Amino acid sequence: MEKYNTDVMTMSREDMEKLQSERLVEEIKYVYENQKAYRAKMDEAGVKPEDIKSIKDITKLPFTTKHDLRENYPFGFFACSMKDIVRIHASSGTTGKLTTVGYTQRDLDDWSEAFARSLAIAGVTKDDIIHISYGYGLFTGGLGAHYGGEMMGCAVVPCGTGNTQRQLQLMKDFGATVLCCTPSYALFLGEAIEKDPNLTIDDFKLRIGVFGAEPWSLGMKEKIEEKLHLKAYDIYGLSEISGPGVSMNCGAEELHVQEDLFYPEVVDVDTLEPVPDGVRGELVFTTLRKQGVPLIRYRTRDLCSIQHGVCPHCGRTIVRMSRVTGRTDDMLIIRGVNVFPSQIESALTKIEELNGSHYLLVVERQGLLDTLEIRVEMNPKFFSDAVKDIEKLRKKVDHEVTSAIGIAAKITLCAPGEVPLSEGKTKRTIDNRVIE
Amino acid sequence: MIINQLAVYSQNEVGKLLPIIKTLGMNGINIESLNIADTPEYGIVRMLTSDNVKAQQILSEKGFISTITSLVGVEVKDEAGELSKTLETLAKNGIDIEYIYSYSRKDGKALILIKTDKIKEAEDLLK
(Lines give C-alpha, C1' and ligand atoms only; values in the text may rest on other atoms or scores of the structure.)
Protein backbone atom coordinates (compact mmCIF):
# COMPACT_ATOMS: atom_id res chain seq x y z
CA MET A 1 0.00 0.00 0.00
CA GLU A 2 1.54 3.37 0.89
CA LYS A 3 4.52 4.28 2.91
CA TYR A 4 2.76 6.10 5.70
CA ASN A 5 1.55 4.08 8.67
CA THR A 6 0.11 1.07 6.96
CA ASP A 7 -0.58 -0.36 10.40
CA VAL A 8 -2.82 2.55 11.38
CA MET A 9 -4.56 2.60 8.01
CA THR A 10 -5.61 -1.02 8.27
CA MET A 11 -5.88 -1.43 12.04
CA SER A 12 -8.66 -3.56 13.42
CA ARG A 13 -11.49 -1.62 15.05
CA GLU A 14 -10.54 -3.07 18.40
CA ASP A 15 -6.92 -1.93 18.14
CA MET A 16 -7.98 1.49 16.89
CA GLU A 17 -10.37 2.00 19.77
CA LYS A 18 -7.66 0.94 22.19
CA LEU A 19 -5.25 3.47 20.70
CA GLN A 20 -7.90 6.19 20.66
CA SER A 21 -8.88 5.44 24.26
CA GLU A 22 -5.28 5.73 25.49
CA ARG A 23 -4.83 8.98 23.63
CA LEU A 24 -8.16 10.47 24.72
CA VAL A 25 -7.49 9.74 28.40
CA GLU A 26 -4.11 11.48 28.09
CA GLU A 27 -5.52 14.39 26.09
CA ILE A 28 -8.33 15.06 28.55
CA LYS A 29 -5.94 15.00 31.51
CA TYR A 30 -3.67 17.41 29.67
CA VAL A 31 -6.52 19.70 28.68
CA TYR A 32 -8.01 19.78 32.17
CA GLU A 33 -4.66 20.76 33.62
CA ASN A 34 -3.61 23.23 30.95
CA GLN A 35 -6.57 24.67 29.07
CA LYS A 36 -8.53 26.93 31.39
CA ALA A 37 -11.33 27.64 28.96
CA TYR A 38 -12.21 23.97 28.51
CA ARG A 39 -11.65 23.08 32.16
CA ALA A 40 -14.35 25.63 32.97
CA LYS A 41 -16.68 23.84 30.56
CA MET A 42 -15.92 20.45 32.11
CA ASP A 43 -16.46 21.81 35.60
CA GLU A 44 -19.73 23.32 34.54
CA ALA A 45 -20.82 19.99 33.05
CA GLY A 46 -19.62 18.16 36.18
CA VAL A 47 -17.16 15.96 34.26
CA LYS A 48 -13.76 15.08 35.73
CA PRO A 49 -10.78 13.64 33.82
CA GLU A 50 -11.23 10.38 35.80
CA ASP A 51 -14.67 9.94 34.20
CA ILE A 52 -13.02 9.45 30.82
CA LYS A 53 -11.70 5.89 30.68
CA SER A 54 -12.20 5.02 27.04
CA ILE A 55 -13.16 6.57 23.72
CA LYS A 56 -16.76 5.53 24.40
CA ASP A 57 -16.87 8.07 27.25
CA ILE A 58 -16.34 10.94 24.82
CA THR A 59 -20.07 11.69 24.73
CA LYS A 60 -19.88 12.75 28.39
CA LEU A 61 -17.76 15.72 27.38
CA PRO A 62 -19.13 19.15 26.48
CA PHE A 63 -18.80 20.60 22.98
CA THR A 64 -16.48 23.39 21.90
CA THR A 65 -17.72 25.89 19.34
CA LYS A 66 -16.27 28.50 17.01
CA HIS A 67 -17.92 31.04 19.28
CA ASP A 68 -15.84 29.75 22.23
CA LEU A 69 -12.67 30.25 20.22
CA ARG A 70 -13.64 33.77 19.19
CA GLU A 71 -14.55 34.71 22.75
CA ASN A 72 -11.11 33.61 23.84
CA TYR A 73 -9.23 35.41 21.09
CA PRO A 74 -6.31 35.36 20.68
CA PHE A 75 -4.70 32.81 22.99
CA GLY A 76 -7.39 31.72 25.44
CA PHE A 77 -7.45 28.15 24.15
CA PHE A 78 -3.67 27.74 24.05
CA ALA A 79 -2.74 24.92 26.41
CA CYS A 80 0.98 25.57 26.59
CA SER A 81 3.22 28.59 26.90
CA MET A 82 4.81 30.41 23.97
CA LYS A 83 8.05 28.65 24.88
CA ASP A 84 6.64 25.52 23.20
CA ILE A 85 4.58 27.15 20.45
CA VAL A 86 6.47 27.26 17.15
CA ARG A 87 3.80 28.53 14.77
CA ILE A 88 0.49 30.37 14.83
CA HIS A 89 -2.18 30.18 12.13
CA ALA A 90 -5.46 32.02 12.00
CA SER A 91 -8.60 31.63 9.98
CA SER A 92 -10.63 34.58 8.91
CA GLY A 93 -14.12 34.80 10.24
CA THR A 94 -17.02 36.37 8.43
CA THR A 95 -17.82 38.28 11.61
CA GLY A 96 -14.41 39.91 11.73
CA LYS A 97 -12.78 38.14 14.65
CA LEU A 98 -10.08 35.65 13.82
CA THR A 99 -9.74 32.16 15.18
CA THR A 100 -6.14 31.55 16.20
CA VAL A 101 -4.40 28.21 16.51
CA GLY A 102 -0.93 27.61 17.95
CA TYR A 103 1.17 24.55 17.16
CA THR A 104 4.00 22.87 19.03
CA GLN A 105 6.66 21.12 16.96
CA ARG A 106 4.93 17.79 17.59
CA ASP A 107 1.61 19.26 16.43
CA LEU A 108 3.24 20.36 13.18
CA ASP A 109 4.86 16.96 12.73
CA ASP A 110 1.52 15.20 13.27
CA TRP A 111 -0.16 17.52 10.80
CA SER A 112 2.57 16.96 8.20
CA GLU A 113 2.19 13.24 8.82
CA ALA A 114 -1.56 13.54 8.23
CA PHE A 115 -0.97 15.43 4.99
CA ALA A 116 1.71 12.98 3.84
CA ARG A 117 -0.65 10.09 4.54
CA SER A 118 -3.27 11.92 2.49
CA LEU A 119 -0.87 12.25 -0.42
CA ALA A 120 -0.12 8.54 -0.15
CA ILE A 121 -3.84 7.76 -0.21
CA ALA A 122 -4.09 9.66 -3.51
CA GLY A 123 -1.16 7.70 -4.90
CA VAL A 124 1.48 10.43 -4.68
CA THR A 125 5.05 9.20 -4.23
CA LYS A 126 8.38 10.87 -3.51
CA ASP A 127 9.05 10.97 -7.26
CA ASP A 128 6.29 13.53 -7.73
CA ILE A 129 6.63 17.28 -8.22
CA ILE A 130 3.96 19.06 -6.22
CA HIS A 131 2.83 22.49 -7.37
CA ILE A 132 1.17 24.28 -4.46
CA SER A 133 -1.24 27.07 -5.33
CA TYR A 134 -2.87 27.27 -1.95
CA GLY A 135 -2.28 30.54 -0.17
CA TYR A 136 0.77 30.65 2.06
CA GLY A 137 0.34 32.59 5.25
CA LEU A 138 -2.16 32.55 8.04
CA PHE A 139 -4.37 30.23 5.99
CA THR A 140 -3.27 26.62 6.63
CA GLY A 141 -3.57 25.39 3.03
CA GLY A 142 -0.18 26.43 1.70
CA LEU A 143 2.07 25.48 4.58
CA GLY A 144 0.09 22.31 5.33
CA ALA A 145 0.56 21.00 1.80
CA HIS A 146 4.13 22.26 1.78
CA TYR A 147 5.39 20.39 4.84
CA GLY A 148 3.28 17.35 4.09
CA GLY A 149 4.83 17.16 0.63
CA GLU A 150 8.31 17.62 2.03
CA MET A 151 7.73 14.95 4.66
CA MET A 152 6.80 12.53 1.92
CA GLY A 153 9.96 13.50 0.05
CA CYS A 154 8.30 15.08 -2.97
CA ALA A 155 9.77 18.03 -4.84
CA VAL A 156 7.63 20.88 -3.57
CA VAL A 157 7.06 24.04 -5.63
CA PRO A 158 5.73 26.67 -3.21
CA CYS A 159 3.95 28.90 -5.69
CA GLY A 160 1.19 30.32 -3.52
CA THR A 161 -1.74 32.18 -5.04
CA GLY A 162 -2.04 34.75 -7.78
CA ASN A 163 -0.32 35.48 -11.10
CA THR A 164 -1.97 32.68 -13.02
CA GLN A 165 0.17 33.12 -16.15
CA ARG A 166 3.34 32.59 -14.15
CA GLN A 167 1.83 29.61 -12.34
CA LEU A 168 1.02 27.94 -15.64
CA GLN A 169 4.48 28.68 -16.96
CA LEU A 170 6.11 27.06 -13.91
CA MET A 171 3.76 24.08 -13.91
CA LYS A 172 4.61 23.49 -17.53
CA ASP A 173 8.36 24.12 -17.33
CA PHE A 174 8.89 22.10 -14.16
CA GLY A 175 6.58 19.30 -15.26
CA ALA A 176 4.51 19.33 -12.08
CA THR A 177 2.68 16.02 -11.60
CA VAL A 178 0.57 16.99 -8.58
CA LEU A 179 -1.47 20.15 -8.10
CA CYS A 180 -2.69 21.34 -4.69
CA CYS A 181 -5.19 24.21 -4.61
CA THR A 182 -8.84 25.07 -4.11
CA PRO A 183 -11.21 23.38 -6.59
CA SER A 184 -12.37 26.72 -7.93
CA TYR A 185 -8.79 27.73 -8.65
CA ALA A 186 -8.16 24.37 -10.32
CA LEU A 187 -11.05 25.09 -12.66
CA PHE A 188 -9.78 28.63 -13.15
CA LEU A 189 -6.37 27.24 -14.19
CA GLY A 190 -8.03 24.76 -16.55
CA GLU A 191 -9.96 27.56 -18.20
CA ALA A 192 -6.86 29.75 -18.38
CA ILE A 193 -5.06 26.98 -20.30
CA GLU A 194 -7.96 26.74 -22.74
CA LYS A 195 -7.98 30.48 -23.31
CA ASP A 196 -4.24 30.77 -23.80
CA PRO A 197 -3.44 30.39 -27.51
CA ASN A 198 0.12 29.33 -26.67
CA LEU A 199 -0.83 26.49 -24.30
CA THR A 200 -2.63 23.17 -24.49
CA ILE A 201 -3.18 20.67 -21.72
CA ASP A 202 -0.71 18.36 -23.48
CA ASP A 203 2.05 20.72 -22.38
CA PHE A 204 1.43 19.59 -18.79
CA LYS A 205 2.27 16.42 -16.91
CA LEU A 206 -0.33 16.67 -14.14
CA ARG A 207 -1.71 13.36 -12.93
CA ILE A 208 -3.12 14.02 -9.46
CA GLY A 209 -5.03 16.97 -8.01
CA VAL A 210 -5.40 17.43 -4.26
CA PHE A 211 -8.19 19.94 -3.87
CA GLY A 212 -9.87 21.28 -0.76
CA ALA A 213 -10.77 24.24 1.46
CA GLU A 214 -14.19 24.78 -0.07
CA PRO A 215 -17.15 22.50 -0.78
CA TRP A 216 -17.49 21.37 -4.39
CA SER A 217 -19.84 19.12 -6.28
CA LEU A 218 -19.06 15.92 -8.13
CA GLY A 219 -20.06 17.75 -11.30
CA MET A 220 -17.34 20.29 -10.69
CA LYS A 221 -14.90 17.47 -9.97
CA GLU A 222 -15.63 15.96 -13.39
CA LYS A 223 -15.12 19.33 -15.07
CA ILE A 224 -11.74 19.76 -13.41
CA GLU A 225 -10.63 16.25 -14.35
CA GLU A 226 -11.70 16.84 -17.93
CA LYS A 227 -9.93 20.19 -18.23
CA LEU A 228 -6.71 19.37 -16.38
CA HIS A 229 -6.37 15.71 -17.42
CA LEU A 230 -5.77 14.53 -13.89
CA LYS A 231 -7.52 12.52 -11.19
CA ALA A 232 -9.02 14.88 -8.64
CA TYR A 233 -9.09 14.02 -4.95
CA ASP A 234 -10.86 15.74 -2.10
CA ILE A 235 -8.81 16.73 0.87
CA TYR A 236 -10.54 17.97 3.98
CA GLY A 237 -9.31 19.86 6.98
CA LEU A 238 -9.80 22.88 9.16
CA SER A 239 -7.29 25.04 10.92
CA GLU A 240 -8.92 24.55 14.31
CA ILE A 241 -8.11 20.83 14.15
CA SER A 242 -4.76 21.30 12.34
CA GLY A 243 -5.31 22.06 8.65
CA PRO A 244 -5.74 20.12 5.41
CA GLY A 245 -5.15 16.39 5.80
CA VAL A 246 -7.69 15.65 8.52
CA SER A 247 -9.33 13.39 5.96
CA MET A 248 -8.62 12.35 2.40
CA ASN A 249 -10.45 10.82 -0.51
CA CYS A 250 -9.08 7.50 -1.84
CA GLY A 251 -10.73 7.66 -5.25
CA ALA A 252 -14.14 6.48 -4.12
CA GLU A 253 -16.56 9.17 -3.00
CA GLU A 254 -15.79 9.12 0.71
CA LEU A 255 -12.83 10.48 2.64
CA HIS A 256 -10.69 8.57 5.12
CA VAL A 257 -10.31 10.33 8.47
CA GLN A 258 -6.94 10.18 10.26
CA GLU A 259 -8.86 9.01 13.29
CA ASP A 260 -5.86 8.08 15.41
CA LEU A 261 -5.12 11.83 15.48
CA PHE A 262 -8.52 13.43 14.98
CA TYR A 263 -11.53 11.57 16.33
CA PRO A 264 -14.74 12.22 14.39
CA GLU A 265 -18.34 12.06 15.53
CA VAL A 266 -21.50 13.08 13.71
CA VAL A 267 -24.27 14.57 15.78
CA ASP A 268 -27.85 15.58 15.12
CA VAL A 269 -27.93 19.31 14.41
CA ASP A 270 -30.82 19.94 16.79
CA THR A 271 -30.36 17.44 19.63
CA LEU A 272 -26.54 17.21 19.39
CA GLU A 273 -26.89 13.47 20.05
CA PRO A 274 -24.60 11.18 18.01
CA VAL A 275 -26.31 9.68 14.97
CA PRO A 276 -25.70 6.19 13.50
CA ASP A 277 -23.34 5.51 10.59
CA GLY A 278 -24.69 6.80 7.31
CA VAL A 279 -26.94 9.44 8.86
CA ARG A 280 -26.10 13.02 8.02
CA GLY A 281 -25.43 15.51 10.76
CA GLU A 282 -22.84 17.95 12.02
CA LEU A 283 -19.27 16.73 12.05
CA VAL A 284 -17.52 17.03 15.42
CA PHE A 285 -13.79 16.51 15.99
CA THR A 286 -11.69 15.79 19.04
CA THR A 287 -7.94 16.13 18.71
CA LEU A 288 -6.26 13.12 20.33
CA ARG A 289 -2.66 14.29 20.42
CA LYS A 290 -2.65 18.07 20.15
CA GLN A 291 -0.55 20.13 22.56
CA GLY A 292 -0.84 23.73 21.34
CA VAL A 293 -4.60 24.08 20.99
CA PRO A 294 -6.26 20.75 21.76
CA LEU A 295 -9.95 20.88 21.00
CA ILE A 296 -12.52 18.56 22.51
CA ARG A 297 -15.70 17.82 20.61
CA TYR A 298 -15.27 20.79 18.34
CA ARG A 299 -18.33 21.48 16.23
CA THR A 300 -17.12 22.02 12.68
CA ARG A 301 -20.52 23.15 11.30
CA ASP A 302 -19.80 20.91 8.31
CA LEU A 303 -22.56 18.49 7.40
CA CYS A 304 -21.77 14.90 6.45
CA SER A 305 -22.10 11.31 7.60
CA ILE A 306 -19.52 8.74 8.68
CA GLN A 307 -19.12 5.07 7.89
CA HIS A 308 -17.07 2.41 9.68
CA GLY A 309 -15.80 -0.84 8.15
CA VAL A 310 -13.37 -1.83 5.44
CA CYS A 311 -13.34 0.56 2.48
CA PRO A 312 -14.57 -1.39 -0.55
CA HIS A 313 -12.42 0.79 -2.78
CA CYS A 314 -8.99 0.74 -1.11
CA GLY A 315 -9.22 -1.69 1.80
CA ARG A 316 -8.29 0.78 4.52
CA THR A 317 -10.14 0.37 7.78
CA ILE A 318 -9.94 3.92 9.09
CA VAL A 319 -13.35 5.53 9.32
CA ARG A 320 -14.75 7.28 6.24
CA MET A 321 -16.72 10.51 6.06
CA SER A 322 -18.97 11.45 3.17
CA ARG A 323 -18.13 14.54 1.13
CA VAL A 324 -19.18 17.63 3.00
CA THR A 325 -22.48 18.57 1.41
CA GLY A 326 -23.00 21.83 3.20
CA ARG A 327 -22.35 23.80 6.32
CA THR A 328 -24.76 24.65 9.05
CA ASP A 329 -23.74 28.26 8.51
CA ASP A 330 -23.82 28.47 4.72
CA MET A 331 -27.20 26.85 4.75
CA LEU A 332 -29.69 29.40 3.50
CA ILE A 333 -33.18 29.36 4.87
CA ILE A 334 -35.34 30.64 2.05
CA ARG A 335 -39.09 30.83 2.58
CA GLY A 336 -38.60 28.37 5.41
CA VAL A 337 -36.77 25.80 3.28
CA ASN A 338 -33.19 24.78 4.01
CA VAL A 339 -31.12 25.31 0.89
CA PHE A 340 -27.47 24.38 0.46
CA PRO A 341 -25.41 25.98 -2.31
CA SER A 342 -23.91 22.54 -2.98
CA GLN A 343 -27.32 21.14 -3.99
CA ILE A 344 -27.70 23.93 -6.50
CA GLU A 345 -24.17 23.45 -7.78
CA SER A 346 -24.85 19.76 -8.36
CA ALA A 347 -27.94 20.59 -10.39
CA LEU A 348 -26.20 23.30 -12.43
CA THR A 349 -23.10 21.30 -13.28
CA LYS A 350 -25.26 18.57 -14.82
CA ILE A 351 -26.58 20.92 -17.50
CA GLU A 352 -24.30 20.98 -20.53
CA GLU A 353 -25.60 24.28 -21.87
CA LEU A 354 -24.15 26.00 -18.79
CA ASN A 355 -20.75 26.61 -17.28
CA GLY A 356 -22.40 25.34 -14.12
CA SER A 357 -19.46 25.86 -11.80
CA HIS A 358 -19.67 29.58 -12.39
CA TYR A 359 -22.64 30.53 -10.28
CA LEU A 360 -23.67 33.00 -7.61
CA LEU A 361 -26.71 32.91 -5.36
CA VAL A 362 -28.35 36.18 -4.41
CA VAL A 363 -30.98 36.19 -1.71
CA GLU A 364 -33.21 39.22 -1.16
CA ARG A 365 -36.29 39.98 0.81
CA GLN A 366 -39.03 41.71 -1.12
CA GLY A 367 -41.73 42.69 1.32
CA LEU A 368 -42.26 39.59 3.39
CA LEU A 369 -41.07 37.20 0.74
CA ASP A 370 -37.58 35.84 0.27
CA THR A 371 -36.35 35.60 -3.27
CA LEU A 372 -33.49 33.54 -4.59
CA GLU A 373 -31.73 34.52 -7.75
CA ILE A 374 -29.26 32.14 -9.34
CA ARG A 375 -26.79 33.78 -11.66
CA VAL A 376 -25.08 31.22 -13.80
CA GLU A 377 -22.93 31.43 -16.89
CA MET A 378 -24.02 29.98 -20.20
CA ASN A 379 -21.74 27.79 -22.25
CA PRO A 380 -21.02 29.95 -25.35
CA LYS A 381 -21.24 26.87 -27.57
CA PHE A 382 -24.96 26.64 -26.91
CA PHE A 383 -25.89 30.31 -27.24
CA SER A 384 -28.71 30.98 -29.67
CA ASP A 385 -29.96 34.21 -31.21
CA ALA A 386 -33.58 33.19 -30.57
CA VAL A 387 -35.40 34.18 -27.39
CA LYS A 388 -37.36 30.93 -27.44
CA ASP A 389 -34.14 28.89 -27.15
CA ILE A 390 -32.87 30.96 -24.24
CA GLU A 391 -36.26 30.66 -22.57
CA LYS A 392 -36.17 26.90 -23.09
CA LEU A 393 -32.81 26.78 -21.37
CA ARG A 394 -34.04 28.96 -18.51
CA LYS A 395 -36.99 26.65 -18.00
CA LYS A 396 -34.71 23.64 -18.01
CA VAL A 397 -32.41 25.21 -15.40
CA ASP A 398 -35.42 26.32 -13.38
CA HIS A 399 -36.82 22.81 -13.46
CA GLU A 400 -33.53 21.15 -12.44
CA VAL A 401 -32.95 23.60 -9.61
CA THR A 402 -36.51 23.41 -8.31
CA SER A 403 -36.40 19.64 -8.20
CA ALA A 404 -33.05 19.80 -6.37
CA ILE A 405 -33.98 22.33 -3.68
CA GLY A 406 -37.75 22.30 -3.59
CA ILE A 407 -38.30 25.99 -4.14
CA ALA A 408 -38.39 28.16 -7.22
CA ALA A 409 -35.60 30.54 -8.06
CA LYS A 410 -35.14 33.29 -10.56
CA ILE A 411 -32.60 32.12 -13.11
CA THR A 412 -30.33 34.72 -14.64
CA LEU A 413 -28.21 33.47 -17.49
CA CYS A 414 -24.93 35.31 -17.77
CA ALA A 415 -22.12 35.61 -20.25
CA PRO A 416 -18.77 33.94 -19.52
CA GLY A 417 -16.79 36.03 -17.07
CA GLU A 418 -19.81 37.66 -15.48
CA VAL A 419 -19.67 35.22 -12.56
CA PRO A 420 -15.92 34.87 -12.01
CA LEU A 421 -14.14 32.28 -9.88
CA SER A 422 -11.58 33.74 -7.55
CA GLU A 423 -8.02 32.69 -6.87
CA GLY A 424 -8.81 31.79 -3.28
CA LYS A 425 -12.13 30.65 -1.92
CA THR A 426 -14.91 31.73 -4.26
CA LYS A 427 -17.87 33.50 -2.70
CA ARG A 428 -21.04 31.69 -3.73
CA THR A 429 -23.73 33.49 -1.81
CA ILE A 430 -24.82 37.06 -1.30
CA ASP A 431 -27.55 37.38 1.28
CA ASN A 432 -29.03 40.86 1.15
CA ARG A 433 -31.84 40.17 3.60
CA VAL A 434 -31.94 42.38 6.60
CA ILE A 435 -33.19 40.24 9.43
CA GLU A 436 -34.57 42.33 12.23
CA MET B 1 -29.44 35.93 -50.60
CA ILE B 2 -28.04 34.64 -47.33
CA ILE B 3 -26.92 37.26 -44.87
CA ASN B 4 -24.89 36.69 -41.72
CA GLN B 5 -26.13 38.28 -38.56
CA LEU B 6 -24.25 38.68 -35.29
CA ALA B 7 -26.32 38.19 -32.12
CA VAL B 8 -24.97 39.21 -28.72
CA TYR B 9 -26.44 38.39 -25.33
CA SER B 10 -26.88 41.11 -22.73
CA GLN B 11 -28.64 41.58 -19.41
CA ASN B 12 -31.50 44.06 -19.66
CA GLU B 13 -29.92 46.66 -17.39
CA VAL B 14 -28.91 50.29 -17.61
CA GLY B 15 -25.66 50.77 -19.50
CA LYS B 16 -25.29 47.18 -20.74
CA LEU B 17 -25.57 47.96 -24.45
CA LEU B 18 -22.87 50.61 -24.45
CA PRO B 19 -19.79 48.41 -23.94
CA ILE B 20 -20.84 46.15 -26.83
CA ILE B 21 -21.28 49.04 -29.21
CA LYS B 22 -18.19 50.83 -27.96
CA THR B 23 -16.03 47.74 -28.42
CA LEU B 24 -17.15 47.45 -32.04
CA GLY B 25 -16.63 51.15 -32.69
CA MET B 26 -13.16 51.18 -31.23
CA ASN B 27 -12.18 48.30 -33.48
CA GLY B 28 -13.40 50.01 -36.61
CA ILE B 29 -16.42 47.79 -37.08
CA ASN B 30 -19.42 49.56 -38.53
CA ILE B 31 -22.94 48.55 -37.53
CA GLU B 32 -25.24 48.51 -40.55
CA SER B 33 -28.38 47.56 -38.68
CA LEU B 34 -29.26 46.88 -35.08
CA ASN B 35 -32.31 45.65 -33.28
CA ILE B 36 -32.93 44.07 -29.92
CA ALA B 37 -35.21 41.23 -28.94
CA ASP B 38 -35.95 42.18 -25.39
CA THR B 39 -37.32 40.33 -22.39
CA PRO B 40 -37.66 41.81 -18.90
CA GLU B 41 -34.40 40.13 -17.85
CA TYR B 42 -32.17 40.11 -20.89
CA GLY B 43 -31.95 41.08 -24.53
CA ILE B 44 -30.47 39.63 -27.68
CA VAL B 45 -28.77 42.32 -29.70
CA ARG B 46 -28.94 41.44 -33.38
CA MET B 47 -26.66 43.26 -35.75
CA LEU B 48 -25.37 43.32 -39.28
CA THR B 49 -21.84 44.64 -39.14
CA SER B 50 -19.04 45.33 -41.56
CA ASP B 51 -17.16 42.27 -40.28
CA ASN B 52 -19.14 39.80 -38.19
CA VAL B 53 -16.32 37.30 -37.75
CA LYS B 54 -13.90 39.88 -36.45
CA ALA B 55 -16.64 41.43 -34.33
CA GLN B 56 -17.42 38.07 -32.73
CA GLN B 57 -13.79 37.39 -32.01
CA ILE B 58 -13.26 40.77 -30.36
CA LEU B 59 -16.47 40.53 -28.34
CA SER B 60 -15.62 37.03 -27.17
CA GLU B 61 -12.24 38.24 -25.91
CA LYS B 62 -14.11 40.86 -23.90
CA GLY B 63 -16.31 38.16 -22.36
CA PHE B 64 -19.46 38.66 -24.44
CA ILE B 65 -21.43 35.68 -25.60
CA SER B 66 -22.46 35.78 -29.24
CA THR B 67 -23.38 33.71 -32.25
CA ILE B 68 -23.44 34.19 -36.00
CA THR B 69 -26.68 33.17 -37.69
CA SER B 70 -27.66 32.95 -41.34
CA LEU B 71 -30.74 34.91 -42.36
CA VAL B 72 -32.53 35.16 -45.65
CA GLY B 73 -32.17 38.64 -47.04
CA VAL B 74 -34.58 39.99 -49.63
CA GLU B 75 -34.06 43.27 -51.40
CA VAL B 76 -37.33 44.95 -52.31
CA LYS B 77 -38.43 48.37 -53.47
CA ASP B 78 -38.99 50.69 -50.54
CA GLU B 79 -42.68 51.00 -51.36
CA ALA B 80 -46.05 50.21 -49.85
CA GLY B 81 -47.13 46.60 -50.32
CA GLU B 82 -43.69 45.13 -50.94
CA LEU B 83 -43.40 43.37 -47.58
CA SER B 84 -46.83 41.76 -47.88
CA LYS B 85 -45.81 40.18 -51.18
CA THR B 86 -42.85 38.59 -49.49
CA LEU B 87 -44.90 37.35 -46.56
CA GLU B 88 -47.57 35.97 -48.86
CA THR B 89 -45.03 33.88 -50.74
CA LEU B 90 -43.67 32.46 -47.51
CA ALA B 91 -47.08 31.76 -45.98
CA LYS B 92 -48.34 30.03 -49.11
CA ASN B 93 -45.37 27.71 -49.04
CA GLY B 94 -45.63 26.93 -45.35
CA ILE B 95 -42.42 28.68 -44.32
CA ASP B 96 -42.44 29.55 -40.63
CA ILE B 97 -40.85 32.86 -39.71
CA GLU B 98 -39.06 32.90 -36.41
CA TYR B 99 -38.39 36.61 -36.55
CA ILE B 100 -38.20 39.31 -39.16
CA TYR B 101 -36.97 42.86 -39.43
CA SER B 102 -36.02 45.26 -42.14
CA TYR B 103 -34.29 48.50 -42.88
CA SER B 104 -34.56 51.04 -45.64
CA ARG B 105 -31.50 52.14 -47.49
CA LYS B 106 -30.66 55.42 -49.19
CA ASP B 107 -30.90 53.89 -52.67
CA GLY B 108 -34.68 53.48 -52.45
CA LYS B 109 -34.40 49.81 -51.61
CA ALA B 110 -35.29 48.06 -48.41
CA LEU B 111 -33.67 44.94 -47.05
CA ILE B 112 -35.95 42.43 -45.36
CA LEU B 113 -34.21 39.96 -43.08
CA ILE B 114 -35.89 36.72 -42.15
CA LYS B 115 -34.91 34.00 -39.67
CA THR B 116 -36.40 30.65 -40.55
CA ASP B 117 -35.61 26.98 -40.21
CA LYS B 118 -36.17 26.48 -43.93
CA ILE B 119 -33.54 28.90 -45.04
CA LYS B 120 -32.64 27.31 -48.39
CA GLU B 121 -36.28 26.93 -49.40
CA ALA B 122 -37.08 30.50 -48.43
CA GLU B 123 -34.10 31.82 -50.35
CA ASP B 124 -35.16 29.99 -53.52
CA LEU B 125 -38.73 31.19 -53.23
CA LEU B 126 -37.74 34.80 -52.80
CA LYS B 127 -35.14 35.00 -55.57
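Rules of the game
Residues numbered from 1 in each chain as written. Chains lettered and ligands numbered in written order. Predicted model: local features only at pLDDT ≥ 70, side-chain atom pairs only at ≥ 80, totals over all residues. Heavy atoms only, no water. Salt bridge = Lys/Arg side-chain N within 4 Å of Asp/Glu carboxyl O. Buried < 20%, exposed > 50% of the residue type's maximum accessible area, 1.4 Å probe, protein only. Helix = DSSP H or I, 4+ residues; strand = E, 2+ residues; numbered from the N terminus. Phe/Tyr/Trp six-rings, centres within 6.5 Å; stacked < 30°, edge-to-face > 60°. Lys NZ or Arg CZ within 6 Å of the ring centre and 35° of its normal. Contact = heavy atoms within 4.5 Å. Buried area = accessible area lost by both parts, 1.4 Å probe. Nonpolar A, V, L, I, M, F, W, Y, C, P; charged D, E, K, R; others polar. Polar contact = N/O pair within 3.5 Å; in protein donor to acceptor, adjacent residues only side chain to side chain. Axes fitted to C-alpha atoms, helices over the stretch in contact; angles between N-to-C directions. Parallel < 35°, antiparallel > 145°, perpendicular 65-115°, else oblique.

### Looking at the pattern of salt bridges
- All chains considered together, the criterion is met by 36 salt bridges over all chains.
- Salt-bridge contacts for Lys48 of chain A lead to Asp43 of chain A; the nearest nitrogen and oxygen are separated by 3.3 Å.
- For Lys48 of chain A, a relative accessible area of 36% puts it in the partly exposed group.
- Residue Glu41 of chain B is joined to Arg394 of chain A by a salt bridge in which the shortest nitrogen-to-oxygen separation is 3.1 Å. Placement of the pair is Glu41 of chain B in the loop between β2 (31-38) and β3 (42-49) and Arg394 of chain A in helix α11 (residues 387-405), with the two residues belonging to separate chains.
- Looking at Glu41 of chain B, the relative accessible area reads 25%, which means it is partly exposed.
- The class of Arg394 of chain A is buried, set by a relative accessible area of 14%.
- Where salt bridges share partners, they join Arg23, Glu113, Arg117 and Asp260 of chain A into one cluster.

### Concerning the packing of aromatic side chains
- For the structure on display, the rule yields nine aromatic pairs over all chains.
- For the pair Tyr185 of chain A and Phe188 of chain A, a centre-to-centre distance of 5.6 Å together with 20° between the ring planes defines the contact as stacked. In this pair, Tyr185 of chain A and Phe188 of chain A both sit in helix α8 (residues 183-195), three residues apart, roughly one turn of the helix.
- Put simply, the rings of Phe383 of chain A together with Tyr9 and Tyr42 of chain B pair up and form one aromatic cluster.
- The ring of Tyr233 of chain A carries Lys231 of chain A above its face, with NZ or CZ at 5.6 Å from the centroid.
- The cationic tip of Arg280 of chain A hangs over the ring face of Phe340 of chain A; the distance from NZ or CZ to the ring centre is 5.0 Å.

### As for the interface of chain B and chain A
- On the chain A side, the residues contacting the 20 residues of chain B number 19 residues.
- Of the roughly 1,500 Å² buried at the junction of chain B and chain A (both faces included), carbon and sulfur atoms supply 58%.
- Counting across the chain B and chain A interface gives four salt bridges.
- For the side of chain B that touches chain A, the secondary structure elements donating two or more residues are β1 (2-11), β3 and β4 (66-77) of chain B.
- Top element by residues in the side of chain B that touches chain A is β1 of chain B. It accounts for five residues.
- For the side of chain B that touches chain A, the per-class residue count stands at eight nonpolar, seven polar and five charged.

### Some points on the environment of Asp107 of chain B
Residue and element names in this part refer to chain B.
- Within the element layout of this structure, Asp107 appears in the loop between β5 (99-104) and β6 (109-115).
- Classification of Asp107 as exposed rests on a relative accessible area of 52%.
- A polar contact of 3.0 Å, which involves the side chain of Asp107, links it to the backbone nitrogen of Lys109.

### A look at the packing of helix α7 (residues 164-174) of chain A against α8 of chain A
All names here are of chain A.
- It is the contact of α7 with α8, at a shortest axis distance of 11 Å, that shows an interaxial angle of 80°. Taken together, α7 and α8 sit at an angle that is classed as roughly perpendicular. Counted together, Thr164, Gln167, Leu168 and Met171 of α7 and Tyr185, Phe188, Leu189, Ala192 and Ile193 of α8 form the full contact between these two elements.
- For the contact of α7 with α8, the residue count by class is seven nonpolar, two polar and no charged.

### Things to note about the environment of Arg39 of chain A
Residues and elements named next belong to chain A.
- Structurally, Arg39 is set in helix α3 (residues 36-45).
- Taking the C-alpha atoms as reference points, Arg39 and Lys290, 251 residues apart in sequence, are found 16 Å from one another.
- With near-sequence residues (within four places) excluded, Arg39 lies in contact with Tyr32 and Glu33.

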